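Structure assessment
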Amino acid sequence: MTREEILQWLREDDSSALEDLWRLADAVRSRCVGDEVHLRGLVEFSNRCARKCTYCGLRVDNTHLRRYRMSAEEIVGCARKAVDLGYGTLVLQSGEDPALDPEWLAGVVSEVKAVTPLAVTLSVGEWPREALRLWKQAGADRYLLRFETSDESLFQQVHPPRPDQSLSRFQVLDYLRELDYEVGSGVLIGLPGQTYGDLARSMELLGELELEMIGCGPFIPHPDTPLAAGGTRPVPDQVPGTELMTYKVLALARITCPYTNVPATTALATLDGVAGYETGLRRGANVIMPNLTPLEYRRLYQVYPGKAEVRREDEYHGSIRRRIEAIGRRVGVGPGGSIRHAGGCAFHA
Ligand code: SAH
Ligand code: SF4
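Definitions and cut-offs
- Residues numbered from 1 in each chain as written.
- Chains lettered and ligands numbered in written order.
- Predicted model: local features only at pLDDT ≥ 70, side-chain atom pairs only at ≥ 80, totals over all residues.
- Heavy atoms only, no water.
- Salt bridge = Lys/Arg side-chain N within 4 Å of Asp/Glu carboxyl O.
- Helix = DSSP H or I, 4+ residues; strand = E, 2+ residues; numbered from the N terminus.
- Buried < 20%, exposed > 50% of the residue type's maximum accessible area, 1.4 Å probe, protein only.
- Near = heavy atom within 4 Å.
- Polar contact = N/O pair within 3.5 Å; in protein donor to acceptor, adjacent residues only side chain to side chain.
- Areas by Shrake-Rupley, 256 points an atom, 1.4 Å probe, with all protein chains shown as cover.
- 1 Å grid on protein atoms, 1.4 Å probe; cavity = no way out; pocket = protein on both sides within 12 Å on 5 of 7 lines; lining within 4 Å.
- Sits in = over half its atoms within 2 Å of the grid points.
- Nonpolar A, V, L, I, M, F, W, Y, C, P; charged D, E, K, R; others polar.
- Right-handed = clockwise from strand over helix to strand, strands pointing away.
- Pairing = 2+ DSSP bridges.

1. Let's talk about the pattern of salt bridges
In the structure shown here, the tally under the stated rule is 23 salt bridges. A salt bridge links E130 to R133; the nearest nitrogen and oxygen atoms lie 2.6 Å apart. Separated by three residues within a single helix, E130 and R133 lie in helix α5 (residues 129-137), roughly one turn from each other. Take E130: its relative accessible area is 48%, and that puts it in the partly exposed class. A relative accessible area of 27% means that R133 is categorised as partly exposed. Put simply, E204 and R201 hold a salt bridge, and the shortest N to O gap is 3.0 Å. Linking E204 with R201, this pair stays in helix α8 (residues 196-208), spanning three residues, or about one helical turn. Connected via shared salt-bridge partners are R51, E96, E126, E148, R162, D164 and R169.

Given below as structure tokens:
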């Protein structure tokens, strides 16, 4: 698919034409990654962050938020729970916690690897190569770092550099590749200032990076950030952060990178309810990341507001499994690593 074709699909609003896109994405998903849906248990282990990303509620300037970091024991407890629930992967996510000791996190990773058969994915932001190497040696398998937008100057604006660090996201993605991580990246759909042209270019870039996972979600404004709803003036050709746009991106990611793992993200489910997961799975996705963060912490991990509030834990996990089966799919067994290498990404300039 060319960038021009991607652009046309992103602009397509005719529902019968879009039905063709959904059908094609679902057929490619079925042929290339099959009916298994891999479940990755997500643990949001720290909401401390040194960054000032203008899109995110965890930014250091948000003083309305009580900050936490879970203990190693608490994190390992969540890992055991992931095993009990039949999940194959644990995703450890956090802000760029400035006081996080890389050795401590390495210890947590090796403990999880020692006491469970789980694959471990890290999603902890931009770190120097040495820390990434330490975590890989401790047993981490995968790393998620979205580049959010291909527009460099927009990214600089919404993700100001840290005074104490001079890494670029693409440099970190390069390190991850060199260190032999399975690498995931993605974009924030509808980020204020993001044009259709930028989103099409971002999708092309996702293909060029030859990722093992592509995770894209809609931008949801957070009231305690500079990009709060109503606080920004849309640029001409602004991409909307809607569920429809997210489904288009998801379907196009599947079609252009057929063997890559593609999650139906929590932000999508926040906009579209649990139906968001189901619809995402029917339009190209093959991964869901159920949240395992203890509730007392989960409500403080406010990257964006309204993150699917959950009261009954057992009911939440059971319902995800039931919904997968109700649409004729099955829960994947084991770590569910990427089979991307079998096919690569199908982009034609
Ligand atoms: N600190 C790490 C991981 C936590 S943030 C990092 O930044 O990579 C994880 C993801 O949350 C980010 O990549 C971003 O795409 C998403 N995110 C942040 N603010 C958001 C918002 N307002 N709406 C939707 N997603 C958001
Ligand atoms: Fe921190 Fe990540 Fe949020 Fe940026 S997006 S403020 S790095 S948690």
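After that view of the structure, there is still more to cover.
2. Quick word on the site of ligand 1
Of all residues adjacent to ligand 1, which total 18 residues, the nearest are Y55, R146, E148, I220 and V303. Here a nitrogen atom of ligand 1 and a backbone polar atom of I220 are 2.8 Å apart. Against a free-state accessible area of 540 Å², the protein chains account for coverage of 92% of ligand 1. For ligand 1, the cavity whose grid points lie within 2 Å of the majority of its atoms is the largest cavity. Among the residues forming the shell around ligand 1, the class breakdown is 10 nonpolar, five polar and three charged.

3. Notes on the pairing of strand β3 (residues 119-123)
In terms of burial, β3 is largely enclosed, as five of its five residues are buried. Both faces of β3 are covered, namely the face carrying A119, T121 and S123 and the face carrying V120 and L122. As for the winding sense of the linkage, the β-α-β connection from strand β2 (residues 89-94) through helix α4 (residues 102-115) to β3 is right-handed. One ladder, built from two bridges, connects β3 with strand β4 (residues 142-144); its direction is parallel. When the bridges of β4 are listed, L122 appears paired with Y143. As for the winding sense of the linkage, the β-α-β connection from β3 through α5 to β4 is right-handed.

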